[in-house]
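Notes for the structure review
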Amino acid sequence: MISVRELRKSYGKVKALDGVSFEFSGGVAGLIGPNGAGKTTIIRILTGLARQDSGEAYLLGKSVWSDRGVLKKVGVLHEKPKPPTWVSGKRFLEHVCKVKGVEDIENQIRRVSEILDLDYLDRSISGYSAGMTQRISIAACLVGDPELVIMDEPTANLDPIGRFRLLRAIAKLKGDGISFFISSHILPELEKICEHIIFLNEGKILMKGSMEEMRKMGPFTLSFSGKEAPELIEFLKKSFTVEVEGDTVVVRSTSIDSLVNRISDYVKNGGRIPRDLELRPPTLEELFLMVRGDDR
Amino acid sequence: MRKEFLEEIVWELSSVSRYPVLEILVGFFSFTAMLSFMGNMYTVESQCLRALEGKYWLHVELAWSIIVPQPIIIFLISAVLAATLFTRALEAGYLRDEFSLPVTRTSIFMAKFLAAFLLLFLSIITAVVVCLLFLDPAGWAITVLSPSMAKVIIFILTEIALPLSISTLLSVLGKNSFLSTISSFLLLMGLYFIARGTFLSWIIMPYTFEVITSPSNETIKLIAVKWGISLLLVGVSCYYFERRVEA
């Protein structure tokens, strides 16, 4: 779906991308990084808005610079989209459909309207709120049965219901065979839908792989209420660094086995398991902080 | 690809027609064309003078039409249309999203330019046809269908092409729509006034009825030169638009 090799791009003296390479073969991928990491630059190069200094970038096996037709099968949502304000939402979607060579325009518009709950298509875009504008732009990148959808900060400007609907729509469309490449720094949202992750920082890839593989790397978190088992805190302190956050005791380790073994030892020694004991894999945020070296 | 390109032109026309440009232009050109027909000529500035000779009351009433002759309006509208379609689209971010659709930048450029060209042409030709209807209702159909009308169309197209191509180049190069509009307009006005009475006077063609209906070789050569310059400017603008990567 996406192939990027040794991509380099500088803006003056600032290196936006410094030899980025990755392959995305389908599903839902998240491009994660702080502001200025180079996420938007990758998307701009992939979609033909910016030209790389060196390296290669392909969408569906083709470069947009040599074959614009490839964009008929790719939906693109840029950060802070600006749909035309002089037409209605419906006319805008019709325009995108026509330019993409879509035949059944009415059906396509009806389909995306239902998915994104767009009940304001007949109104002029000039009167849309920020959230409505975001949703119509998302709709524009979903018309025409794309094989791949590239989104830069798709949940920006959306209220909680809008975010929920979008994430639900992505999950549904993924089931229909559409792949998504999403850039965001709102990690809890990406966590719900992404199968592949690319961590980017200062123009370089810190880590990439499947979500499942990454979660196995830890750090794993053991938490429980300190009031319920003060003796467990002392027991764990012998092997781990124990943090107390309010009433909650938190223990982090990159090895799930050592955590489980320690708890087993505690039980064997007659210890009582607290009712709220929880052992969970890392969140995307924790993973990112870990690979950046910002974890505690 | 042809269907997609046609849609681009229709889209750009809808973009510029969000302003009541067409209505204002048809109204204005109808008015000035009326004056020109009074002088049995096709351009306004000179026809107005001719039309007003010996008609002092009309001179007083319509003096502004001499101060604001038709070329100035074409310059102004050219500057506004080009800045709206190119610089403003870039400023507002519309161009960024347009560039991510499966159309070439050349197609987007040509669609924008043709939309502006069509809008200007349609407004002027509509005004001429409306005036013919008012001035000569009985012979209207014959005049509209006469070979002279084809020549009139060629003259109108020539007079639109040059200012619009100059404005387009400045708008494609510009980053601020207001500055693009002002600089295009001032440049066109400057060229126009410099040309008057100098070796550049060929820029302002004396469009008398005789010149239009029976153009001399000299006139045809001037039209060809104007088209050559216009096409060159359009080509340069398109080249730069295509290479304007960072939208």
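Residues numbered from 1 in each chain as written. Chains lettered and ligands numbered in written order. Predicted model: local features only at pLDDT ≥ 70, side-chain atom pairs only at ≥ 80, totals over all residues. Heavy atoms only, no water.

1. Considerations on the overall build of chain A
Stated formally: Numbering goes from the N terminus for both helices and strands, where a helix is a DSSP run of H or I of at least four residues and a strand is a run of E of at least two. Burial classification: accessible surface area is computed with a 1.4 Å probe over protein chains only, and a residue below 20% of its type maximum counts as buried, one above 50% as exposed, and the rest as partly exposed. By the convention used here, residues are in contact when the closest approach between their heavy atoms is within 4.5 Å. Surface accessibility in these figures is a Shrake-Rupley result with a 1.4 Å probe; residues are shielded only by whichever protein chains are displayed. Only four residue types enter the charge count: Lys and Arg as positive, Asp and Glu as negative, with His and the chain ends excluded. Charge positions are represented by NZ for Lys, CZ for Arg, CG for Asp and CD for Glu.
Counting its regular elements, chain A contains 10 helices and 13 strands. Overall, the C-alpha framework of chain A stretches about 70 × 45 × 30 Å when taken along its three principal axes. Of all 296 residues assigned to chain A, the portion counted as buried reaches 54%. Sequence-distant contacts in chain A: of pairs separated by 6 or more residues, those separated by 24 or more amount to 66%. Surface summary for chain A: the accessible area is close to 13,400 Å², and the carbon and sulfur share equals 49%. Chain A carries 43 positive and 41 negative side-chain charges, and their two centres are separated by 4 Å.

2. Looking at the domain arrangement of chain A
Here is the rule we go by: Marked domain ranges trace back to an automatic or database domain assignment.
Annotation of chain A at the domain level lists domain 1 (2-213) and domain 2 (219-280). The straight-line distance from the C-alpha centre of domain 1 of chain A to that of domain 2 of chain A is 42 Å.

3. Examining the pattern of salt bridges
Just so we agree on the cut-off: One side-chain nitrogen of Lys or Arg within 4 Å of one carboxyl oxygen of Asp or Glu is enough to make a salt bridge.
In the structure shown here, the tally under the stated rule is 22 salt bridges over all chains. Note that A:Arg91 is salt-bridged to B:Glu7, the shortest N-O span being 3.1 Å. Taken as a pair, A:Arg91 in helix α2 (residues 89-99) and B:Glu7 in helix α1 (residues 2-16) lie in two separate chains rather than in one. Side by side, A:Arg91 and B:Glu7 carry an identical accessibility label, which is buried.

4. Here's the deal with the packing of helix α8 (residues 230-237) of chain A against helix α9 (residues 256-268) of chain A
All names here are of chain A. Cut-off, in case you're wondering: Helix axes use the C-alpha atoms of the stretch in contact, all axes being lines fitted to C-alpha atoms, and the angles between their N-to-C directions lie in the range 0 to 180 degrees. Angle categories: roughly parallel below 35 degrees, roughly antiparallel above 145, roughly perpendicular from 65 to 115, and oblique for all the rest. Definitions for this section: a left-handed crossing has its near helix turned counterclockwise from the far helix by less than a right angle. A right-handed crossing has that turn clockwise. Side-chain classes follow a simple rule in which Ala, Val, Leu, Ile, Met, Phe, Trp, Tyr, Cys and Pro form the nonpolar group, Asp, Glu, Lys and Arg form the charged group, and the remainder, Gly included, forms the polar group.
With their axes 11 Å apart at the nearest point, α8 and α9 run at an angle of 130° to one another. On the basis of the axis angle, α8 is oblique to α9. Note on packing geometry: the crossing formed by α8 with α9 is right-handed. For the pair α8 and α9, the contacting residues are Glu231, Leu232, Phe235 and Leu236 in the first and Arg262, Ile263, Asp265 and Tyr266 in the second. Of the residues belonging to the contact of α8 with α9, the class tally is 5 nonpolar, no polar and 3 charged.

5. Concerning the sheet that holds strand β10 (residues 220-225) of chain A
All names here are of chain A. Convention followed: For two strands to be treated as a pair, DSSP must find no fewer than two bridges joining them.
Read from one edge to the other, the open sheet built from 4 strands follows the order β11-β12-β10-β13, with strand pairing classed as antiparallel. Single-partner strands in this sheet number two, and they are β11 (242-245) and β13 (278-280). Neighbour to neighbour, the strand axes of the sheet diverge by 25° on average, direction disregarded. Strands in contact with α9 are β10, β12 (248-253) and β13; relative to β10, the strand with the most contacts, it is inclined by about 30°.

6. Quick word on the interface of chain B and chain A
To keep it simple, the criterion reads: Each of two parts loses accessible area, computed with a 1.4 Å probe, when they are put together; buried area is these two losses added. Whenever a nitrogen or oxygen atom comes within 3.5 Å of another N or O atom, the pair is scored as a polar contact, on the condition that within protein one atom can donate a hydrogen and the other can accept it, and that pairs from neighbouring residues in sequence are kept only if both atoms are in side chains.
Counting from both sides, the interface comprises 25 residues of chain B and, opposite them, 32 residues of chain A. Of the roughly 2,500 Å² buried between chain B and chain A on both sides combined, carbon and sulfur atoms contribute 57%. Summed over the three residues of chain B that lose the most area to chain A, namely B:Trp11, B:Arg96 and B:Pro102, the buried surface amounts to 26% of that side. The tally of links from chain B across to chain A stands at 3 salt bridges. Across the salt bridge formed by B:Glu7 and A:Lys98, the nearest N and O atoms sit 3.8 Å from each other. Summed over the shared surface of chain B and chain A, the number is 14 residue pairs in polar contact (both at pLDDT 80 or more). If you list the elements that add at least two residues to the side of chain B that touches chain A, you get α1 and α7 (94-99) of chain B. A per-element tally of the side of chain B that touches chain A places α1(B) first, with 8 residues.

7. A look at the packing of α2(A) against α1(B)
At a minimum axis separation of 8 Å, α2(A) and α1(B) run at an interaxial angle of 150°. Taken together, the axis directions place α2(A) and α1(B) in an arrangement best described as roughly antiparallel. Here A:Arg91, A:Phe92, A:His95, A:Lys98 and A:Val99 of α2(A) lie close against α1(B), whose contacting residues are B:Glu4, B:Glu7, B:Glu8, B:Val10 and B:Trp11. The residue inventory of the contact of α2(A) with α1(B), partitioned by class, reads 4 nonpolar, 1 polar and 5 charged.

8. Some thoughts on the packing of aromatic side chains
All names here are of chain B. Under the convention used in this document: Aromatic rings from Phe, Tyr and Trp, with only the six-membered ring used for Trp, were paired whenever their centres fell within 6.5 Å, and each pair was classed as stacked if the ring planes differed by under 30 degrees, edge-to-face if by over 60, and tilted otherwise.
Within this structure, the stated rule accounts for 14 aromatic pairs over all chains. Seen from their ring centres, Phe99 and Phe241 are 5.6 Å apart, and the 75° between their planes marks the pair as edge-to-face. Of this pair, Phe99 sits in helix α7 while Phe241 sits in helix α13 (residues 217-243); the two residues are 142 residues apart in sequence, bridging distant segments of the chain. Across the pair, exposure class does not vary: Phe99 and Phe241 are buried alike.

9. Description of a nonpolar patch on the surface
Residues and elements named next belong to chain B. Which entries qualify depends on this criterion: Patches were defined on residues exceeding 30% relative accessible area and lacking a salt bridge, with like-charge contacts within 9 Å and nonpolar side-chain contacts (Val, Leu, Ile, Met, Phe, Trp, Tyr) within 5 Å.
There is a patch of nonpolar side chains on the surface, built from Phe178, Leu179, Ile182 and Leu186 and spanning about 430 Å² of accessible area. Checked against the element boundaries, Leu186 lands in helix α11 (residues 177-195). Classification of Leu186 as exposed rests on a relative accessible area of 54%.

10. Details of the UniProt feature "domain: ABC transporter" (unreviewed entry) in chain A
Let me state the cut-off plainly: UniProt positions are given in the numbering used here, feature names are shortened, and annotations may be inferred rather than shown by experiment.
Following the UniProt record, the feature "domain: ABC transporter" (unreviewed entry) maps to residues 2-227 of chain A here. Segment residues 2-227 of chain A splits into 32% helix and 29% strand. End C-alpha atoms: 51 Å apart.

11. A look at the environment of B:Val129
Residues and elements named next belong to chain B. Following the sequence through the fold, Val129 ends up in helix α8 (residues 105-135). Once the C-alpha coordinates of Val129 and Leu233 are considered, the two residues, 104 residues apart in sequence, prove to be 30 Å apart. Ignoring sequence-local partners within four residues, the contact set of Val129 consists of Trp140, Val144 and Met149.

12. Notes on the pairing of strand β8 (residues 196-201) of chain A
Residues and elements named next belong to chain A. The buried count for β8 comes to 5 of 6 residues, which makes it a mostly enclosed element. Taken together, the 4 bridges between strand β3 (residues 28-32) and β8 define a ladder with parallel strand orientation. Looking at the pairing, Gly30 lines up with Ile197 of β8. Relative to strand β9 (residues 204-210), β8 runs antiparallel, the two sharing 6 bridges. Directly across from Asn201, in β9, lies its bridge partner Lys204. What sits between the antiparallel neighbours β8 and β9 is a turn of 2 residues, in which Glu202 has the positive phi angle 50°.

13. What about α9(A)?
Residues and elements named next belong to chain A. Heads up, the rule is: The span expected for a helix works out to 1.5 Å for each residue beyond the first. This arc describes the spread of directions from the helix axis toward the C-beta atoms.
Taking 1.5 Å as the rise per residue, α9 with 13 residues should run 18 Å; its terminal C-alpha atoms sit 18 Å apart, in good agreement. Leu259, Arg262, Ile263 and Tyr266 are the residues of α9 that are buried. Seen end-on, α9 carries its buried residues on one side only, within an arc spanning 95°. Exposed side chains of α9 directed beyond 90 degrees from the buried face belong to Asp257 and Lys268. Two residues or fewer after α9 comes Gly270, characterised by a positive phi angle close to 90°.

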